[in-house]
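Residue-level listing of the chains:
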Amino acid sequence: MIFEQLAGNLIQGLVLGAIYGMATMGLSLIFGVLKVVNVGHGAFIMVGAFVTLWLFNALGIIPIFAIPVALIIGLALGFLFYYTVMRKLIKAPELATLLATFAIGVLLEETIKLIFGSEFRGYNWAVGKINLGITVLPFTKLYACLGSVAIAVLLYLWFNKTRAGTAMRSVVEDSEGARVCGVNVDGVYALSFAIGIGLTVTSGVLLTMFIPVGINPYMGGSYTLKAFVIAVLGGLASPYGAFFGGLVFGLIENGSYTLFALLPNVEPFALTRFLSFAMLLLILLIRPTGLLRAK
Amino acid sequence: MALLRLENITKRFGGLVAVDDVSLEIQEGELIAIVGPNGAGKTTLFNVISGVFLPEEGKVFFEDKDITRLPAYKRAPLGLGRTFQIPRPFSSASVRENVAIGAMFGTLADKVSVDESLEIADHYIDLVGLQDHRNKAAGPLTPVEKKLMEIARALAMKPKLLLMDEAMAGMNPKDIDEMVQFLLRLKEEEKMSIIAMVEHIMRAVVGLAERVMVMHQGAKLVDASTTEALTDPKVIEVYLGHSEGD
Amino acid sequence: MKVNPAKYYPLIPVYAIYLIMFLIGKNMTGMWELMAMLAFYCALGQAFNIFLGMTGYVDFGYVAFMGVGTYGMALAITRLVHFKGLGIGLLIIGLCLAMVMSTLLALAVGAVALRLRGAYFAIATIGVNEGFRYLIEGAKIWNGSEGIIFFAQMNEAFGREMASALSTFWADVLVLIIAALAAFVTLHYMRSKIGYALTALREDEDAAKVMGINVTKFKIIAFITSAIFAGLLGAAAWAIKTPYVFPPEVFEIHYTIEAIIIVLLGGAGTLLGPVVGGLIYGLSKYYLAIILPGFQLLIFAPIIIIIIVLFPEGTVGMLKNRVRGTTLERYIV
């Protein structure tokens with residue numbers, strides 16, 4: 001009985017984990033290239049969620065077609081904030097970049113609140129579900145999972161097979177060396193920031209396909225915190241590490257919740273959160289390069 | 001007793017051997033130059049001596065005390081001062097504060113107050129000729145001024161051994177001559193030993209050091225008196241060899 | 001050791017501002033609450049500046065120290081209320097417990113997080129704050145997510161009238177005293193080797209080590225000092241002023257962000273900066289809420305971004321550069 005429940009929750013966790021992973025790749029990409037932690041990360045996820053909501057509720061466009069729209073909006077926001085703000089802060093101390101990205105997040109939240117209000121919203125895109133016996137998976141969740149995997153694979157190919165991707169990797173390795181070798185480092189920074197934000201806004205679409213309720217301007221905060229844990233699991237600077245970190249996180253989150261619920265006199269939801277932050281600290285302490293890196 | 005003794009130091013970065021089995025002894029009051037082309041392992045050797053890197057093999061002795069594994073911050077109070085290849089000022093602090101920091105945490109650490117450290121700082125700022133910049137922030141100084149400030153900061157540590165990383169890079173011949181005279185005077189007045197690292201300014205080496213160690217690809221090539229070292233065929237081969245083809 | 005009074009001149013403008021705030025609050029009707037709020041922001045900035053400003057390390061979980069301080073006071077009052085005759089001594093025990101608890105947390109966090117640098121440090125401290133909050137809620141420590149409500153115990157211990165005076169007046173006075181103490185300690189550090197060591201490690205940690213500075217020791221000193229003031233501030237401004245404590249409130253990351261904004265607005269690592277930053281932040285927050293309720297953050301966010309990009313040294317940072325070489329230099333640090 002409990003094992004069936006656990007297995008069912010783990011399947012849900014794996015599906016959600018793939019989305020979490022994709023939702024963290026942008027954070028890791030930006031940290032890897034610009035060495036900037038985007039504290040406003042969750043706000044960009046929220047923007048993606050509102051794009052989906054608005055397209056579906058107002059125009060009847062299904063969430064799958066919201067993906068390219070979100071990507072374009074994300075790229076545009078990324079370039080905008082890079083050239084107006086981040087570009088001037090590349091060499092600034094952490095204090096400046098952390099606060100600036102936080103302020104960008106607040107700006108987005110308040111702008112969305114101004115347009116859509118702050119109440120909780122949701123949408124209902126019913127396209128059927130499959131019953132796996134131990135758990136039920138709506139197709140929307142499956143699509144979101146497949147979409148996440150596809151985007152991760154595309155990013156991998158883009159990184160490894162294109163000139164721009166190679167330039168980006170060279171900047172991650174050694175930005176000064178790349179500059180000497182004729183790489184347009186500023187261009188790489190701009191493109192990486194834009195793609196990072198593009199991925200993050202897109203992940204907002206996929207996340208609402210998994211959880212189509214609770215959409216509101218301040219929903220991003222908890223995703224920011226989760227993304228930090230996931231990114232650290234994957235080594236912080238590696239987008240693929242982040243993807244696998246997401247899978248691990250999804251499994252641990254759902255698995256530990258099931259187990260904590262068995263304990264007497266505790267709040268399992270809070271303990272699950274505690275576990276994830278304890279994990280974050282442990283990894284930073286013993287293996288700051290992430291779980292997956294050999295070194 | 002040798003002031004500093006390196007025994008078979010080897011330092012690797014991954015597969016790259018940056019310092020390869022180097023041994024060296026410095027006596028009290030000695031001034032030696034370490035020369036070698038870029039990438040010869042000079043700065044890495046300095047970093048091993050000052051504790052920035054731990055060597056994979058070999059030992060470092062300072063006044064016969066094994067300091068191989070001693071943390072960097074415990075070496076300065078023993079009497080090890082250094083300057084950096086690319087100057088590293090504490091940018092927001094004034095020149096005076098920068099130099100005073102040297103006095104506060106160097107060999108005098110337990111003996112001087114903040115005020116006394118500031119007085120010591122003033123002395124060395126005058127000595128290197130930065131008195132007009134005393135109260136300016138160190139960040140906006142010119143590279144040569146930063147270099148001088150670093151020397152003052154290292155001197156304020158009252159070291160027994162001063163490690164100077166590329167002390168004369170970027171200077172014009174006149175400045176170099178002045179610097180050489182300055183170092184020779186320092187050696188006498190402050191009674192300290194100096195290891196000066198020089199990439200390619202032979203003019204400085206000849207005037208400065210009675211002894212030269214030449215490094216090449218991480219290893220010690222020659223360790224001899226200056227005239228001997230600079231006429232050694234091996235040295236001419238690695239050092240000047242490429243110019244013959246020009 | 002002889003003390004040179006000129007060294008402490010920079011406290012004059014700081015204390016003058018605090019005194020003026022007190023006098024305005026005391027003598028102008030309806031101003032006390034505003035002055036109390038400003039005092040809180042000044043104290044918060046002054047306390048955080050000792051770590052953030054002087055070391056350059058961004059502690060994103062700073063509010064956790066205020067949180068445990070609040071718990072310290074709450075626990076002291078709820079557990080010791082039945083010992084009659086302690087009187088105001090109970091508050092002193094509470095303040096001591098707040099200091100002890102924030103020190104212990106700082107030692108634990110410092111041991112883990114201070115090995116990390118830059119972004120890794122910032123993320124680790126977020127983890128500590130959130131982790132600690134969810135541990136309290138999840139394992140139902142100190143009443144878990146239900147929190148501790150101790151109005152009744154306050155009334156029992158101090159009498160209804162005194163409890164009310166504590167909450168509406170003395171708590172705020174205490175906050176001002178904490179701010180003044182934090183300013184004194186800041187200046188004392190600046191004028192001692194600690195301050196020089198912190199400047200060195202903030203600018204270049206590796207060079208500082210080679211210069212003989214035990215960077216770990218000095219980081220811990222700044223971290224614990226700053227944490228103790230946060231603990232005291234939590235005990236005074238939160239526990240005594242509003243006698244309840246809920247985990248989601250006292251570990252709310254927005255207070256950390258407010259503290260960062262205050263330090264940055266005023267000028268990180270300066271003495272007068274947190275005061276100026278606290279005043280600018282508090283006043284604009286207060287009046288924006290009146291003029292444009294609901295739009296404060298929308299207006300704030302771009303202003304913050306502009307300040308970070310165009311004026312990273314903050315108000316006092318810029319002023320300091322201006323007065324360099326004039327007599328004012330002795331007062332503005």
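Further up the page is the structure itself.
For every chain, the first residue of its written sequence is number 1, and the numbers climb from 1 along that sequence. Each chain takes a letter, starting from A, and each ligand takes a number, starting from 1, following the order in which they are written. For this predicted model, a pLDDT threshold of at least 70 governs which residues receive local features, and a threshold of 80 or more governs which side-chain atom pairs are given and counted, while totals over whole chains, interfaces and linings are taken from all residues. Heavy atoms from the whole structure form the basis of all side-chain values; hydrogens and water molecules are not counted.

1. Things to note about the overall build of chain A
Line of reasoning, step 1. Think of it this way: any DSSP run of H or I at least four residues long counts as a helix, any run of E at least two long counts as a strand, and we number them from the N terminus. From N to C terminus, chain A includes eleven helices and two strands.
Line of reasoning, step 2. Of the regular secondary structure in chain A, the N- to C-terminal order runs α-α-α-α-β-β-α-α-α-α-α-α-α.
Line of reasoning, step 3. Expected size for 295 residues packed as a compact globule is a radius of gyration near 19 Å; at 19 Å, chain A falls within 12% of this value.
Line of reasoning, step 4. Burial classes follow relative accessibility: with a 1.4 Å probe on protein chains only, a residue under 20% of its type's maximum area counts as buried, one over 50% as exposed, and anything between as partly exposed. Every one of the 295 residues in chain A was classed for burial, and the buried ones make up 57%.
Line of reasoning, step 5. By definition, residues are in contact when any of their heavy atoms lie within 4.5 Å. The long-range fraction of contacts in chain A, counting pairs at least 24 apart against all pairs at least 6 apart in sequence, stands at 77%.
Line of reasoning, step 6. Calculation of accessible area relied on Shrake-Rupley with a 1.4 Å probe; when residues are assessed, cover is drawn exclusively from the protein chains displayed. Summed over all atoms, the accessible surface of chain A reaches about 12200 Å², with 69% contributed by carbon and sulfur.
Line of reasoning, step 7. Charged residues are defined here as Lys and Arg on the positive side and Asp and Glu on the negative side; His and the ends of the chain fall outside this count. For charged residues, the charge sits on one atom: NZ in Lys, CZ in Arg, CG in Asp, CD in Glu. Considering chain A, the positive charge centre built from 17 side chains and the negative charge centre built from 11 side chains are found 7 Å apart. Our radius of gyration looks at C-alpha atoms and nothing else; its globule reference is 2.2 Å times the residue count to the power 0.38.

2. Observations concerning the pairing of strand β9 (residues 211–216) of chain B
Residue and element names in this part refer to chain B.
Line of reasoning, step 1. When you tally the buried positions in β9, you get five out of six residues, the bulk of the element.
Line of reasoning, step 2. In terms of strand pairing, β9 meets strand β10 (residues 219–225) through six bridges, oriented antiparallel. When the bridges of β10 are listed, Val212 appears paired with Ala224.
Line of reasoning, step 3. The loop that links β9 with its antiparallel partner β10 comprises two residues; one of these, Gln217, has a positive phi angle of about 50 degrees. When DSSP finds two or more bridges between a pair of strands, those strands are recorded as paired.

3. Structural notes on the packing of aromatic side chains
Line of reasoning, step 1. To pair, rings of Phe, Tyr and Trp, with the six-membered ring standing in for Trp, must have centres within 6.5 Å; the planes then decide the type, stacked if under 30 degrees apart, edge-to-face if over 60, and tilted in the middle. All chains considered together, the criterion is met by 40 aromatic pairs over all chains.
Line of reasoning, step 2. Here the aromatic rings of Phe51 of chain C and Phe121 of chain C are separated by 5.9 Å at their centres, their planes lie at 45 degrees, and the arrangement is tilted. A residue pair is termed long-range when its members are at least 10 positions apart, and Phe51 of chain C in helix α2 (residues 32–55) and Phe121 of chain C in helix α5 (residues 118–138) qualify at 70 residues. Each member of the pair, Phe51 of chain C together with Phe121 of chain C, is buried.
Line of reasoning, step 3. Among the aromatic residues, ring-to-ring pairing joins Phe48, Phe51, Tyr57, Tyr62, Phe65, Phe121 and Phe223 of chain C into one connected group.
Line of reasoning, step 4. Throughout this description, the term charge over a ring refers to an Arg CZ or Lys NZ atom that lies within 6 Å of the ring centre and within 35 degrees of the ring normal. Taking the ring centre of Phe13 of chain B as reference, the NZ or CZ of Lys11 of chain B above it sits at 5.2 Å.
Line of reasoning, step 5. One residue, Arg88 of chain B, lies across the ring of Phe84 of chain B, its end atom 4.9 Å from the ring centre.

4. Things to note about the pattern of salt bridges
Line of reasoning, step 1. A side-chain nitrogen of Lys or Arg and a carboxyl oxygen of Asp or Glu constitute a salt bridge if their distance falls within 4 Å. Within this structure, the stated rule accounts for 34 salt bridges over all chains.
Line of reasoning, step 2. The salt bridge partner of Arg5 of chain B is Glu7 of chain B, with a shortest N-O separation of 3.2 Å.
Line of reasoning, step 3. For Arg5 of chain B, a relative accessible area of 19% translates into the label buried.
Line of reasoning, step 4. Judged by its relative accessible area of 29%, Glu7 of chain B is partly exposed.
Line of reasoning, step 5. For the salt bridge of Glu210 of chain B with Lys187 of chain B, the shortest nitrogen-to-oxygen distance reads 3.5 Å. Taken together, the residues Glu210 of chain B in the loop between α7 (202–208) and β9 and Lys187 of chain B in helix α6 (residues 173–191) connect sequence positions 23 residues apart.
Line of reasoning, step 6. On the accessibility criterion, Lys187 of chain B (14% relative accessible area) is buried.
Line of reasoning, step 7. Beyond isolated ion pairs, a larger network of salt bridges with shared partners links Arg117, Glu205, Asp206, Lys209 and Lys219 of chain C.

5. Topic: the interface of chain C and chain A
Line of reasoning, step 1. Contact residues are listed per partner, giving 40 residues for chain C and 39 residues for chain A.
Line of reasoning, step 2. Buried area, as used here, totals the accessible surface that two parts lose on assembly, with accessibility defined by a 1.4 Å probe and the loss added over both. Taking both sides of the interface into account, the surface hidden between chain C and chain A amounts to around 3600 Å²; carbon and sulfur atoms contribute 84%.
Line of reasoning, step 3. In terms of surface lost to chain A, no three residues of chain C exceed Tyr120, Ile123 and Tyr134 of chain C, which account for 18% of the buried area on that side.
Line of reasoning, step 4. Remark: the boundary between chain C and chain A carries zero salt bridges.
Line of reasoning, step 5. Looking at the side of chain C that touches chain A, the elements that each hand over two or more residues are α5, α12 (253–266) and α14 (296–310) of chain C.
Line of reasoning, step 6. A per-element tally of the side of chain C that touches chain A places α5 of chain C first, with 15 residues.
Line of reasoning, step 7. Class assignment of the residues belonging to the side of chain C that touches chain A gives a composition of 29 nonpolar, seven polar and four charged. Polar here means any residue other than Ala, Val, Leu, Ile, Met, Phe, Trp, Tyr, Cys and Pro, which are nonpolar, and Asp, Glu, Lys and Arg, which are charged; Gly is therefore polar.

6. Focus: the sheet that holds strand β6 (residues 80–82) of chain B
Residue and element names in this part refer to chain B.
Line of reasoning, step 1. Taken in spatial order, the six strands line up as β6-β7-β8-β3-β9-β10 in an open sheet, and their pairing is mixed. The open sheet has two edge strands, β6 and β10, and neither has a second partner. The sheet shows a mean angle of 20 degrees between the axes of neighbouring strands, taken without regard to direction.
Line of reasoning, step 2. Bridge count for β6 against strand β7 (residues 161–165) is three bridges, and the pairing is parallel. Looking across to β7, one finds that Arg82 is bridged to Leu163. Here the axes come from fitting lines to C-alpha atoms, over the contacting stretch only for helices, and the angles between their N-to-C directions go from 0 to 180 degrees.

7. Brief notes about the nonpolar core
Line of reasoning, step 1. We define a nonpolar core as any set of buried Ala, Val, Leu, Ile, Met, Phe, Trp, Tyr and Cys residues linked to one another through side-chain atoms lying within 4.5 Å. Met168 of chain B together with Phe60 of chain C are the most contacted members of the largest nonpolar core, which totals 288 residues.
Line of reasoning, step 2. Residue-level mapping places this core at the junction of two domains, with at least three residues from each of domain 1 (1–79 + 159–246) and domain 2 (89–157) of chain B.
Line of reasoning, step 3. Sequence-distant contacts of Phe60 of chain C, defined by excluding residues within four places in its chain, comprise Val39 and Leu98 of chain A together with Ala122, Thr125, Ile126, Ile253, Thr256, Ile257 and Ile260 of chain C.
Line of reasoning, step 4. Core analysis: the next-biggest nonpolar cluster, separate from the first, contains 26 residues, Val19, Ile49, Ile67 and Leu70 of chain B among them. What fixes the domain bounds is an automatic or database domain assignment.

8. Points about the interface of chain C and chain B
Line of reasoning, step 1. Chain C puts 22 residues into the contact, and the matching count from chain B is 29 residues.
Line of reasoning, step 2. Carbon and sulfur atoms make up 67% of the surface buried where chain C meets chain B, a total of about 2100 Å² over both sides.
Line of reasoning, step 3. Looking only at chain C, the three residues that lose the most surface to chain B are Lys193, Tyr196 and Met211 of chain C, adding up to 36% of its buried area.
Line of reasoning, step 4. Counting across the chain C and chain B interface gives two salt bridges.
Line of reasoning, step 5. Between Asp115 of chain B and Lys7 of chain C there is a salt bridge; the shortest N-O distance is 3.6 Å.
Line of reasoning, step 6. Pairing of N or O atoms within 3.5 Å defines a polar contact, subject to two protein rules: one partner must be a possible hydrogen donor and the other a possible acceptor, and residues neighboring in sequence count only if both atoms are side-chain atoms. Counting the contacts that link chain C with chain B gives eight residue pairs in polar contact (both at pLDDT 80 or more).

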